[in-house]
Amino acid sequence: MSIDFQFDVLIIGSGAAGLMSAIQLSEKLSVGVIAKDKILEGSSYYAQGGISAVLNPDDSFESHITDTINTGFHLGNENSIRFMVEQAPKAIKDLEKAGVKFSIIGNRYDLTTEGGHSSNRVAHVADKTGQSIQINLLAEAKKHKNIKLLEEFAAVDLIVNEKRCYGAYVLDKNTQEIITFSSKKTILATGGASKSYLYTSNPDTSTGDGIAMAYRAGCEITNMEFTQFHPTCLFHPHAKSFLISETLRGEGAKLLLPSGEEFMHKYDERLELAPRDIVARAIDNEMKVHGFDCVYLDFSFKDAEWIKSRFPTITKRCSELGIDISKEALPVVPAAHYTCGGVSTNIDAQTDIPNLYAVGEVAHTGVHGANRMASNSLLECIVFAKSCAKHINNSSFDDLSHEIPQWDDSRVAPSQEKVVIAHLWHEIRLIMWNFVGIVRNNNRLKSAYFKIKQINKEVDEYYQVYTVTEDLIELRNLAQTSKIIVESALSRKESRGLHFNQDFPNQLKEKENTVITKS
Ligand code: FAD
Ligand code: SIN
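Numbers given for residues are sequential positions, taken from 1 along each chain in its written order. For naming, the first written chain is A and the first written ligand is 1, with later ones following in the order written. Owing to the predicted nature of the model, reporting of local features is limited to residues with pLDDT of at least 70; listing and counting of side-chain atom pairs is limited to 80 or more, with chain, interface and lining totals taken over all residues. As a rule here, side-chain values come from all non-hydrogen atoms in the structure, and water together with hydrogens is ignored.

### Remarks on the overall build of the protein
Counting secondary structure elements, the protein contains 14 helices and 19 strands. For the exposure calls, accessible area comes from a 1.4 Å probe over protein chains only, and a residue counts as buried if that area is under 20% of its type's maximum, exposed if over 50%, partly exposed in between. Here the protein holds 519 residues, and the buried ones make up 61% of them. Between two residues, a contact is recorded if the distance between any of their heavy atoms is within 4.5 Å. Within the protein, residue pairs in contact and separated by at least 24 positions form 74% of the contacts whose partners lie at least 6 positions apart. Working definition of accessibility: Shrake-Rupley area with a 1.4 Å probe, residue cover restricted to the visible protein chains. When the accessible surface of the protein is summed, it comes to about 20500 Å², and 49% of that surface belongs to carbon and sulfur atoms. Under the counting rule used here, the positive set is Lys and Arg, the negative set is Asp and Glu, and His together with the chain ends is not counted. Taken as the charge location is NZ of Lys, CZ of Arg, CG of Asp or CD of Glu. For the protein, the centre of its 56 positive side-chain charges and the centre of its 66 negative side-chain charges are spaced 1 Å apart. Numbering goes from the N terminus for both helices and strands, where a helix is a DSSP run of H or I of at least four residues and a strand is a run of E of at least two.

Laid out in structure tokens, this is it:
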């Protein structure tokens, strides 16, 4: 068949994980980076809080490792965690080399804290850390002549032949044609799957595409029951997905009931700085018990000028919505924020399919266990992008002279039934929110499984007969990823970290990962 693009390395996704991988690859390799939206769009751009690293003489690697293990309820892989933590200071230097200017006080980093950290170790660029990282990584990538950046190209499926990966079939959104990208190595850097839930802090790109593509290709998918809910997203009819950073709580912000009463003391002695699973469950409980639509986050006791310079993005967005953060408490609710599970990888980001790698939120490297500690995700993206690139730079390459199967669209026709996609999309997200949310039980999980399985069947039937569009790609991936989340949740017979099941309220002694593969 005709090959439309051929690269040594194809990177699917242009978030922090994808761009960092690209710029760390040898300039001798031809590299294609595709993004299904604009290059900068993705969770990375919206990251507010920061990136964690031991940068303070009073802090230590052992302490960062212990905090990460404890926050992950001892399910994390200690080797991977140690590797990430020890590489963190170097990751900060790499970002600085690319142009990121972290906030400083005097001649040292302005390190802040968030839930689970026992020391100030979160480096940030005011409250626009992700934006600064993305703009600088993109500028750096553009300097590399071997890197081609292609936006509005949505990967549909990986090309896997005799259990080796040779690229991907991709929808060119401008022409609506499926084209073939052949590559000797392929890196999935597609981000997470939080759009499986009705309410999320994530942008529209987080539809679990990489996880679903890897699953269909035969990869192991690990620990997908651990969806992290961020405790504080702005509750406002016009504030789609707007996050109120945990670093506000790091700087002293208080959670309040509508009456103005504090409540975190009832749940954890660390109060507002308990890990996210605890704070999100506490808010969820208060809202359910009292029937509140939201709780409040109060920061108004801080100096207005300081708030504006430390949190310019949040101040501006709230002000656009008519909320003066320096004078009034913010209405907040929990929302799906982060996918702790993903495509199983080792420290070099290799999946179990030769030539296929996964980096960033799409991957399960084992560093987050049952709950990710705040600001460890950007760190994971940078550290594992580097180890992935290093592994590829040092590896041998298959030749691409063999036959790549032809994309077959001979039996499909344009759909006159687009309402079906919109309906199923909404149904999945509603089921996931109501049945597979912050607090779970067996009945709701079983019911969700039954419904999601049925939806998968309908989507498969639709996929067989209608032409592929971006909406259909995302619906198919959301349906499959949601099914994996529910299957994983049903198979865990305990409560641990982010997975809280009222029918199995205790944590087991045995620490086991949940691994799902396509049967
Ligand atoms: P993303 O940045 O999400 O990028 C995914 C890329 O994949 C995009 O380019 C997208 O277009 C592309 N893509 C997806 N599917 C396809 C497809 N089928 N074909 C082609 N391209 C595709 N973490 C921290 O550590 N610190 C923070 O302060 C922090 N704050 C956050 C704030 C918000 C609002 C959010 C949503 C997350 C935050 N996180 C934070 C989490 C962190 O930002 C993400 O986990 C991380 O940025 C993910 O990076 P990534 O490169 O893996 O994916
Ligand atoms: C935040 O700023 O609250 C998000 C931090 C994170 O997700 O790590």
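### Some points on the sheet that holds strand β15 (residues 330-339)
The strands making up a sheet are joined through hydrogen bonds of the backbone, oriented either antiparallel or parallel. Pairing between strands is defined by DSSP: at least two bridges between them are needed. Spatial strand order, β12-β15-β14-β13: 4 strands in an open sheet with antiparallel pairing. Looking at the sheet topology across the chains shown, the edges are occupied by β12 (227-234) and β13 (254-256). Between one strand axis and the next, the sheet turns through 45 degrees on average, direction left out of account. Two elements, strand β14 (residues 295-298) and β15, share 3 bridges in a ladder whose sense is antiparallel. Looking across to β15, one finds that Leu 297 is bridged to Leu 330. Helix axes are fitted only over the stretch in contact, all axes being lines through C-alpha atoms; the angle between N-to-C directions runs from 0 to 180 degrees.

### Description of the packing of aromatic side chains
Stacked, tilted and edge-to-face pairs are distinguished by plane angle, under 30 degrees for stacked and over 60 for edge-to-face with tilted covering the rest, among Phe, Tyr and Trp rings (Trp via its six-membered ring) whose centres lie within 6.5 Å. Tallied over the entire structure, the rule returns 18 aromatic pairs. Aromatic pair Phe 263 and Tyr 267: ring centres 6.5 Å apart, planes at 90 degrees, arrangement edge-to-face. On the basis of relative accessible area, Phe 263 is assigned to the buried category, the value being 0%. By relative accessible area, which is 28% here, Tyr 267 ends up partly exposed. On the numbers, 5.7 Å between centres and 75 degrees between planes, the contact of Phe 299 with Phe 311 is edge-to-face. One end of the pair, Phe 299, is in the loop between β14 and α9 (304-310); the other, Phe 311, is in the loop between α9 and α10 (312-320), and 12 residues separate them in sequence. In this pair, the class of Phe 299 matches that of Phe 311, namely buried. Linked through ring pairs, Phe 5, Phe 7, Phe 153 and Phe 181 together constitute an aromatic cluster. Taking NZ or CZ as reference, Lys 302 lies 4.9 Å from the ring centre of Trp 306, over its face. By definition here, charges over rings are those cases where NZ of Lys or CZ of Arg is within 6 Å of the ring centre and within 35 degrees of the ring normal.

### Quick notes on the side chain of Ser 482
Take Ser 482: it is sitting in helix α14 (residues 470-491). A polar contact is formed between the side chain of Ser 482 and the backbone oxygen of Leu 478, at a distance of 2.7 Å. With near-sequence residues (within four places) excluded, Ser 482 lies in contact with Ser 196, Ile 428, Met 432 and Ile 452. Each polar contact in these results corresponds to two N or O atoms within 3.5 Å; when the atoms are within protein, one needs to be able to donate a hydrogen and the other to accept it, and residues that are neighboring in sequence are counted only if both atoms are side-chain atoms.

### Re the side chain of Asn 146
Tracing the backbone through its elements, the reader meets Asn 146 in the loop between α5 (129-143) and β7 (147-151). The class for Asn 146 is buried, based on a relative accessible area of 13%. In this structure Asn 146 touches Ser 26, Glu 27, Leu 29, Ser 30 and Val 31, once residues within four positions along its chain are discounted.

### Some remarks on the environment of Asp 324
With respect to the helices and strands, the residue Asp 324 is situated in the loop between α10 and β15. Look at Asp 324 and you get partly exposed, because its relative accessible area is 29%. Between the alpha carbons of Asp 324 and Ile 431 there is a distance of 35 Å; along the sequence they are 107 residues apart. Polar contacts involving the side chain of Asp 324 include one to the side chain of Ser 326, which spans 2.7 Å.

### Quick notes on unusual backbone geometry
The phi torsion of most residues other than glycine is negative, and most of the peptide bonds are trans. Not every positive phi belongs to a glycine, and Glu 152 is a case in point at roughly 65 degrees. Relative to the elements of secondary structure, Glu 152 occurs in the loop between β7 and β8 (153-161).

### Remarks on the site of ligand 2
What surrounds ligand 2 is the set Gly 49, Glu 114, His 230, Leu 243, Ser 245, Glu 246, Arg 276, His 337, Arg 372, Ala 374 and Ser 375. A distance of 2.6 Å separates an oxygen atom of ligand 2 from a polar atom in the backbone of Glu 246. Within the side chain of His 337, an N or O atom sits 2.7 Å from an oxygen atom of ligand 2. A total of 260 Å² of accessible area belongs to ligand 2 in isolation, and the protein chains cover 92% of it. Neighbouring residues are identified by heavy atoms, a residue being near a molecule or strand if any of them is within 4 Å of it.

### Looking at the site of ligand 1
Close contacts around ligand 1 come from 40 residues, with Ser 44, Gly 50, Asp 209, Glu 361 and Ser 377 the closest. Between an oxygen atom of ligand 1 and a main-chain N or O atom of Ala 17, the distance comes to 3.0 Å. A distance of 3.0 Å separates an oxygen atom of ligand 1 from a polar backbone atom of Ser 43. Taking 1000 Å² as the accessible area of ligand 1 by itself, protein coverage stands at 99%. At the level of secondary structure, the elements contributing two or more residues to the shell around ligand 1 comprise α1 (16-24), β2 (31-35), α2 (43-46), β8, β15 and α11 (376-393).

### Some words on the nonpolar core
Of all hydrophobic cores here, the largest spans 71 residues; its most connected members are Ile 34, Phe 181 and Leu 188. In terms of residues, this core owes the most to one element, α14, which gives 10 residues. Once residues within four sequence positions are removed from consideration, Phe 181 is found in contact with Phe 5, Phe 7, Leu 10, Ile 34, Leu 150, Phe 153, Ile 159, Tyr 166, Gly 167, Ala 168 and Val 170. To form a nonpolar core, buried Ala, Val, Leu, Ile, Met, Phe, Trp, Tyr and Cys residues must be joined to one another through side-chain atoms within 4.5 Å. One finds Val 31, Ala 141, Cys 381 and Ala 389 within the second-largest nonpolar core, a separate group that totals 54 residues.

### Section: the sheet that holds strand β18 (residues 363-364)
Strand order in the open sheet formed by 4 strands is β18-β16-β11-β19, and the pairing between neighbours is mixed. Strands with a single pairing partner mark the edges of an open sheet, and in this sheet they are β18 and β19 (515-516). Contacts from helix α6 (residues 209-217) reach β11 (221-222), β16 (342-344) and β19, with the element oriented near 40 degrees to β16.

### Digging into α6
Most of α6 sits out of view: 8 of its 9 residues are buried. Listing the buried residues of α6 in full gives Asp 209, Gly 210, Ile 211, Ala 212, Met 213, Ala 214, Tyr 215 and Arg 216. Taken from the residues just after α6, Gly 218 is the one with a positive phi, measuring 105 degrees.

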